[in-house]
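Coordinates in review
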Amino acid sequence: MWQTLRFTLGVLGHITAPVASLEETTPLSSMDRWICSRLYSTVLQCEQAFEAYELHTVTSALYSFWVHSLCDVYMEHVKHVLAQDEGAMVQPNTEGSDSMRHVATSVLYHCVSVSLALLSPFMPFITEELWQRLQPFRHGAASQTSLSLQPYPCSSQLAHWHFPEVESAFLLIQEVIRTARSLRAQCGMTKDKPAMWAVCTPSQAQVLLHFGSAVWTLSRTSCLHIYCPQGSDDLHSTPPPEGSLIGVVEHSCQLHLDVQSGVNVAKQILQLSQRRDKLVPKLKEILCKVQSPNFLTKVPAHVRQKMDHKMSALQQEVKTIEDQLKMLQENQTTSLKPTGITL
C-alpha cells in the first residue's frame, strides 16, 4: 500500500491542476475501462458480503483488487502510458496522447482513493494516513477532514464504470500474458522482448487488437503477430515460423515463439519434460474419477462439466508439449550430425 501511494503521488506531482472527477462522458481507454469496471465489481461484492455478514469475502475481494488488478496489471500498464510523456519509445498505434495520460492519471487517483475508503473499516489508521496525502490533489475542497467522515463507496454511484464485456474479454488477455511470460522463461529470454505469434479465432483476434498495448507491455514482447487460419483479410495474417515453441492459451488460441535464435535447446527439453511429468499424473487422476462407475450418478452436473473442461485442457497441453519435445529432439539430432567435410 505504501509503494502504491508513493507511485501515485509521484504521478500526481507532475500535474498542475486538481484531479478532475470521472464522468460518464470521460473518454476511457480499454485498460481504463477494465480497471474501473473491476473497481465497480469489487464495490458491489463488498456491499453484498457486508449484507450477508461475510467479512472474509470483503477482505478477500479488496486484497484481490488491490494486489492482482490495480498493482500487478493496471499500474504496470500505466507506467508505459505515462512514460511516453518523457520521450519513451512508443509502440505503433499506442494510445499516447496528452488527454489519455491525463485520464489515466485521474483513473489511478480515483481507484486508489476509493480503495482506501473500502479498506478503512479494517485498516483505519494506515488508510487515514494515506488518504490525507491524496487530498491536496482532490478537485474541490471538501468540508470533511477525515476519511472516517466520508460516505462508504456505493455501487449505485459507480454504475457508469461497469463494463462487463470488457472484464470478460480481459480474461483472455491475462491468459495470453501468462503464456507469453512462460514461453520467455522456458527460452531464457527473461530480459529480452521477442516477437510472438498468436494463432486464434477472428473474435479472439479482435480482443487482442483491442488490448494490444497491454499485451505488449505486460508480456514484454516487441510485437504480437496475429494469425487467423479462418480469418478475414482485414486481420493480420502472418503465419508463425515452422519449428516455433508453442504455448497453449486455450483450445482455440496458441502462442508461438521462434526458437531458431540461439536458445538453449537442451534446457528447453528438460523444462518441457519436467512440465509433462507434472501434468500426466494430474490427467490420470482426473481420468480415474471420470471413468468411475458412480461419476455420472453422484457428481453434480456443474462439477462434471468443470472436470471435463479441465481434462480437455490438460490433454491439449500434454499433446502440445509432446509435439514440441519431438520437434526439439529432431532439431537437436540434426544439429549433432557430422558435417561431412573432407580434411
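For the structure given in this document, a descriptive report is provided here. As the structure is a computational prediction, the values presented were derived from the model and not from experiment. (Residues numbered from 1 in each chain as written. Predicted model: local features only at pLDDT ≥ 70, side-chain atom pairs only at ≥ 80, totals over all residues. Heavy atoms only, no water.)

The next point concerns the overall build of the chain. Summing up its helical and strand segments, the chain has 11 helices and four strands in all. Counting every position in the chain, which comprises 343 residues, the buried fraction comes to 42%. Partitioning the contacts of the chain with sequence separation of at least 6, the portion at a separation of at least 24 is 76%. (Helix = DSSP H or I, 4+ residues; strand = E, 2+ residues; numbered from the N terminus. Buried < 20%, exposed > 50% of the residue type's maximum accessible area, 1.4 Å probe, protein only. Contact = heavy atoms within 4.5 Å.)

Here the focus is unusual backbone geometry. Backbone geometry places Tyr53, a non-glycine residue, at a positive phi of 60 degrees. When you line up the elements, Tyr53 lands in the loop between helix 2 (30-51) and helix 3 (55-83). The exposure class of Tyr53 is exposed, given its relative accessible area of 75%.

We now examine helix 1 (residues 2-12). Residues Thr4, Leu5, Thr8, Val11 and Leu12 constitute the buried set of helix 1. For helix 1, the arc enclosing every buried residue in end-on projection is 125 degrees, short of the 170-degree limit, so these residues lie on one face. Residues of helix 1 that are exposed and point more than 90 degrees away from the buried face comprise Gln3 and Arg6. Residues of helix 1 that are buried make contact with helix 3, helix 4 (98-119) and helix 5 (124-134). (Arc of directions from axis to C-beta.)

The next point concerns the state of the cysteines. Counted according to the given criterion, the structure contains zero disulfides. Of all cysteine sulfurs in the structure, the one in Cys228 sits closest to Cys200, which takes part in no disulfide; the separation is 4.3 Å. Residue class for Cys200 comes out buried when judged on its relative accessible area of 5%. (Disulfide = S-S within 2.5 Å.)

It is worth spelling out the nonpolar core at this point. Counting 88 residues, the largest nonpolar core has Leu70, Tyr74, Val107, Leu208 and Leu255 as its most contacted members. The biggest single contributor to this core is helix 4, with 12 residues. Every residue in contact with Leu70, bar those within four places of it in the chain, is listed here: Thr4, Ile35, Phe65, Met75, Leu108, Cys111 and Val112. (Core = buried A, V, L, I, M, F, W, Y, C linked by side-chain atoms within 4.5 Å.)

Turning our attention to the sheet that holds strand 4 (residues 253-257). Ordered in space as 2-1-4-3, the four strands form an open sheet in which the pairing is mixed. A strand with exactly one partner marks an edge of an open sheet, and here the two such strands are strand 2 (223-227) and strand 3 (245-250). The sheet shows a mean angle of 25 degrees between the axes of neighbouring strands, taken without regard to direction. Taken together, the five bridges between strand 1 (residues 195-199) and strand 2 define a ladder with parallel strand orientation. Counterpart to Val199 in the pairing with strand 2 is Tyr227. (Pairing = 2+ DSSP bridges. Axes fitted to C-alpha atoms, helices over the stretch in contact; angles between N-to-C directions.)

Time to look at the side chain of Thr179. Mapped onto the secondary structure, Thr179 falls in helix 6 (residues 164-186). Once residues lying within four places of it in the same chain are set aside, the contact partners of Thr179 are Gly247, Val248, Val249 and Leu255.

Taken together, the side chains of Lys278, Lys282, Lys306 and Lys310 make up a positively charged region of the molecular surface. If you list the elements that add at least two residues to the positive patch, you get helix 9 (265-290) and helix 11 (301-336). (Patch = residues over 30% accessible without salt bridge, like charges linked within 9 Å, V, L, I, M, F, W, Y side chains within 5 Å. Areas by Shrake-Rupley, 256 points an atom, 1.4 Å probe, with all protein chains shown as cover. Salt bridge = Lys/Arg side-chain N within 4 Å of Asp/Glu carboxyl O. Lys, Arg positive; Asp, Glu negative; His and termini not counted. Charge placed at Lys NZ, Arg CZ, Asp CG, Glu CD.)

Attention now goes to helix 6. Because the α-helix completes a turn every 3.6 residues, residues three or four places apart line up on one side. For helix 6, with 23 residues, the first-to-last C-alpha span of 34 Å sits near the 33 Å given by 1.5 Å per residue. Of all the positions in helix 6, only Val166, Glu167, Phe170, Leu172, Ile173, Val176, Ile177, Thr179, Ala180, Leu183, Arg184 and Gln186 are classed as buried. Gly188 sits one or two positions beyond helix 6 and adopts a positive phi of about 70 degrees. (Expected span 1.5 Å × (residues − 1).)

As a further point, take the pairing of strand 4. Burial runs high along strand 4: five of the five residues are buried. Residues Cys253, Leu255 and Leu257 line one face of strand 4 and the alternating positions Gln254 and His256 line the opposite face, and both faces are buried. Here strand 3 pairs with strand 4 via five bridges, running antiparallel. Considered in strand 4, the bridge of Ile246 is made with His256. Two successive antiparallel strands, strand 3 and strand 4, enclose a turn made up of two residues.

We now examine the pairing of strand 1. Most of strand 1 is tucked away, with four of its five residues classed as buried. Bridge count between strand 1 and strand 4: four bridges; the pairing is antiparallel. Note on strand 4: the bridge partner recorded for Val199 is Gln254.

Moving on, we come to the packing of aromatic side chains. Applying the stated criterion across every chain, the model contains four aromatic pairs. Relative to Phe170, the ring of Trp34 has its centre 4.4 Å away and its plane inclined at 35 degrees; by these criteria the two rings are tilted. Here Trp34 is found in helix 2, whereas its partner Phe170 is found in helix 6, with 136 residues between them in sequence. Here the aromatic rings of Phe50 and Phe122 are separated by 6.1 Å at their centres, their planes lie at 15 degrees, and the arrangement is stacked. Of the two residues, Phe50 is situated in helix 2 and Phe122 in the loop between helix 4 and helix 5; the sequence distance between them amounts to 72 residues. Residue classification places Phe50 among the partly exposed positions, given a relative accessible area of 28%. Its relative accessible area of 30% is what places Phe122 among the partly exposed residues. (Phe/Tyr/Trp six-rings, centres within 6.5 Å; stacked < 30°, edge-to-face > 60°.)

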